[in-house]
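Read off the chains here:
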Amino acid sequence: MRVATREPWRPVLAVAATVGMSAGLALGGLILAAGPAASDSFSSPGTFQELVPAGATTATVSAAGAPGGAGSASGGAGAGASGAAGGLVTATIPVVACTTLTVQVGGSGGNASGSSLGAGGSNGGADGGTGGTNTVAGGPGGGGGGGGGASQIIDASGHQLVVAAGGGGGGGQSAGEAATPGAGGSGASLTGFTTGAGTGVDGTVGFDTSSGGVGSGGGAGSGTGGGAGGTPTGTASVGTTGGTGGSPPSSTNAGAGGGGGGGFFGGGGGSNVSGASAGGGGGASDFVVNGATGAGFATAAAAGATITFNGGSGSCAPAPVIVAPRFTG
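Bear in mind the structure is a predicted one, so any value in this text is a computation, not a measurement.

J.: Sorry, what's going on with the state of the cysteines here?
T.: Here a disulfide denotes a covalent bond joining the sulfur atom of one cysteine to the sulfur atom of another. Taken as a whole and assessed by the stated rule, the structure comprises 1 disulfide. Covalent S-S linkage joins cysteine 98 and cysteine 316, the inter-sulfur distance amounting to 2.1 Å. Because the torsion about its S-S bond is -85 degrees, the bridge between cysteine 98 and cysteine 316 counts as left-handed. Separated by 218 residues along the polypeptide, cysteine 98 in the loop between β8 (86–94) and β9 (100–105) and cysteine 316 in the segment after β16 (304–310) bring together distant segments of the chain. Here cysteine 98 falls in the partly exposed class, since its relative accessible area comes to 36%. With a relative accessible area of 22%, cysteine 316 lands in the partly exposed category.

Below, the structure written as structure tokens:
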């Protein structure tokens, strides 16, 4: 649900009998009052529109990508791995007054259940894989958790201003295996990048398990491309969308890989191998546009976005059209 801390931007009409011209623009005994600067928060997955107030040239923003879902234990001796946190991006960005920004809040990756996969979160999160359904050796393999979706702010021309990455989903547990499956990679690492459009940080590679013969984690999204799929079965990310977690053959009892997170570039899907636990999905990359100041990159527990416009005041309503009276004589 969108949580707003101000009234919507619209002209407020008031009788001007006792109000001076300094309060607004007088027109036919009415005043078009100026609205205050805005500070809005968005916490539910979805797409929202935000009008930049007149006079605003910058906005201080915070955007958080969604976390990945957990893998399932299914018939395993241990537990499925947890999904990873999404990225948290804070910055002051340039904006153009009286244009409309689009705010997208990503959805959390779904948790796997039994051998069934966890679905990818909205806005780029990828599905985890389906666990092997053979029940001979202790039950079916666990499904992989879904990758989290990205949260972003886009200008009126369709250019990305801020992208906060989704985290990777956790790997599923293989039945009869005590090895811990790999957790998803988070949406922020210590490695930065520079592009022609701005700067950002890579995601984090999805984790492998600690024993031999395991499925590898999905690769991290970067400033130049999506993360590679874990070998041998994880799917590579294509663009902003994460890669799907690897699914073992249904005849096995192996766990499935976690899905990659969505972002500036998505994370790769985690992999699995027969008879072993799976790797987690990779985290996606974060981004801020050129001209941003004070950029910071961290991780967040929940998705959302906040925008506070700096220095803006007044309404973006069009100027009134005054029609001269017509005299018919």
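J.: Hey, could you run me through the sheet that holds strand β6 (residues 46–51) in this one?
T.: Two orientations exist for strands paired in a sheet by backbone hydrogen bonds: parallel and antiparallel. Strand order in the open sheet formed by 7 strands is β6-β9-β10-β11-β14-β13-β12, with antiparallel pairing between adjacent strands. Looking at which strands have only one partner, the edges of the open sheet turn out to be β6 and β12 (192–194). For this sheet the average axis-to-axis angle between neighbouring strands, irrespective of direction, equals 15 degrees. With 4 bridges joining them, strand β10 (residues 151–154) and strand β11 (residues 160–164) adopt antiparallel strand pairing. Within the sheet, the bridge partner assigned to isoleucine 153 lies in β11 and is valine 162.

J.: Which parts of the structure should I look at to understand the packing of aromatic side chains?
T.: Where two aromatic rings form a pair, the distance of their centres and the angle of their planes describe that pair. Evaluation of the coordinates by the stated rule reveals 4 aromatic pairs. When the centroid spacing of 5.4 Å and the interplanar angle of 80 degrees are considered together, the rings of phenylalanine 264 and phenylalanine 265 count as edge-to-face. An aromatic cluster is defined as three or more aromatic residues linked by ring pairs; in this entry it consists of Phe193, Phe264, Phe265 and Phe287.

Rules used in this analysis
Residues numbered from 1 in each chain as written. Predicted model: local features only at pLDDT ≥ 70, side-chain atom pairs only at ≥ 80, totals over all residues. Heavy atoms only, no water. Disulfide = S-S within 2.5 Å. Helix = DSSP H or I, 4+ residues; strand = E, 2+ residues; numbered from the N terminus. Buried < 20%, exposed > 50% of the residue type's maximum accessible area, 1.4 Å probe, protein only. Pairing = 2+ DSSP bridges. Axes fitted to C-alpha atoms, helices over the stretch in contact; angles between N-to-C directions. Phe/Tyr/Trp six-rings, centres within 6.5 Å; stacked < 30°, edge-to-face > 60°.

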